[in-house]
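So you can see what is in the structure, the chains are spelled out below.
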Amino acid sequence: MDEIIRNLYEYRELQKGIFWFTCEFTRDGEADFSESEIIYLSIPCNCDGDLEGRVILNSRNGTTFTHKKSWKELVSNIKELRKHPWNYYPRGRVEIFNGKAKIYLNLMILDCPNFKDILKRKFNLNDVYIQVIPDNSRHYACYGQDSSIK
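All values reported here derive from a predicted model rather than from experimental measurement. Position numbers for residues start from 1 in each chain and track the written sequence from start to end. Given that the model is predicted, a residue must reach a pLDDT of at least 70 before its local features are reported, and side-chain atom pairs must reach 80 or more before they are shown or counted; all residues, however, enter totals for whole chains, interfaces and linings. Side-chain descriptors were evaluated using all non-hydrogen atoms of the structure, hydrogens and water having been removed beforehand.

Q: What exactly am I supposed to notice about the pairing of strand 7 (residues 100-106) here?
A: Sheet faces and side chains relate simply in a regular strand, where the side chains alternate between the two faces. Whether two strands pair comes down to DSSP finding at least two bridges between them. For helices the rule is a DSSP run of H or I covering at least 4 residues; for strands it is a run of E covering at least 2, with both sets numbered from the N terminus onward. Of the strand pairs in this sheet, strand 6 (residues 91-97) and strand 7 are connected by 6 bridges, and their pairing is antiparallel. Bridging across to strand 7, Val94 finds its partner in Ile103. Of the strand pairs in this sheet, strand 7 and strand 8 (residues 129-135) are connected by 7 bridges, and their pairing is parallel. Bridge pairing in strand 8 places Ile103 opposite Val132.

The structure is reproduced here in structure tokens:
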């Protein structure tokens, strides 16, 4: 699987952040992950989720990254992705609390082979307990679930 990455640090520590799994959508709105890539933005943190280093985050409260504000910059040099809005692909977030990782994600990502192993590698989650929390709400909706998203 190819990847598009924006990791703010060279070294590998426990990471939290946001991600998208690119995919193709069938006529029925099913996600085909056979040619997918992972796009992610991660930042080092300690086991309580506190940031390691100085990073300017773009959420309203300044504690994390938002998908909407981060997408344009992440794909600015990738023509085939620039044509899609931030909410086109299935996406999710990795949060760290009390030495555990919580992965909130669009329900469609569960159909992506080895998604958990991919996220473990990209966010360096090998030594922590991981809880996957599928979210089928409007918050994580993508094109396959809502064709008005173009």
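Q: Before we go on, may I ask you to explain the packing of aromatic side chains in this structure?
A: Each aromatic ring pair is characterised by the separation of its centres together with the angle its planes make. Stacked, edge-to-face and tilted are the three classes for Phe, Tyr and Trp ring pairs, Trp counted by its six-membered ring, which pair at centre distances within 6.5 Å; planes under 30 degrees apart are stacked, over 60 edge-to-face, the rest tilted. Scanning all chains against the criterion turns up 9 aromatic pairs. With centroids separated by 4.9 Å and ring planes inclined at 85°, the aromatic side chains of Tyr88 and Tyr89 adopt a geometry described as edge-to-face. Relative accessible area serves as the criterion here: at 12%, Tyr88 is assigned to the buried category. Through a chain of ring-to-ring contacts, three or more aromatic side chains come together here, namely Trp20, Phe25, Trp71, Tyr88, Tyr89 and Tyr143. Only protein chains enter the accessibility calculation, which uses a 1.4 Å probe; a residue whose area is less than 20% of its type maximum is buried, one above 50% is exposed, and one in between is partly exposed.

Q: What am I meant to see in helix 3 (residues 115-122) here?
A: Owing to its 3.6 residues per turn, the α-helix brings residues three or four apart onto one side. Buried residues of helix 3: Phe115, Ile118, Leu119 and Lys122, and no others. Buried positions in helix 3, seen along its axis, are confined to an arc of 95° and lie on one side of it. Count one or two residues on from helix 3 and you reach Asn124, which has phi positive near 50°. Starting at the helix axis, one direction is taken to each C-beta atom, and the arc is that of these directions.

Q: How should I be thinking about the environment of Phe123 in this particular structure?
A: Position of Phe123 among the secondary structure elements: in the loop between helix 3 and strand 8. For Phe123, a relative accessible area of 0% puts it in the buried group. For the pair Phe123 and Gln15, spaced 108 residues apart in sequence, the C-alpha to C-alpha distance is 4.7 Å.

Q: I'm lost on the confidence of the model for the chain in this one. Help?
A: Caution is warranted with low-pLDDT regions, since their predicted coordinates should not be read in detail. pLDDT expresses how confident the predictor is about each individual residue, on a scale running from 0 to 100. On average, residues of the chain score 87 in pLDDT, and 89% of them are at 70 or above. Of all the helices and strands in the chain, strand 1 (residues 3-7) carries the lowest mean pLDDT, 48, while strand 7 carries the highest, 97. Whether two residues are in contact is decided by their heavy atoms, any of which lying within 4.5 Å being enough. Note that pLDDT drops below 50 for residues 4-11; the model gives that stretch 28 contacts with residues more than four away or on any other chain.

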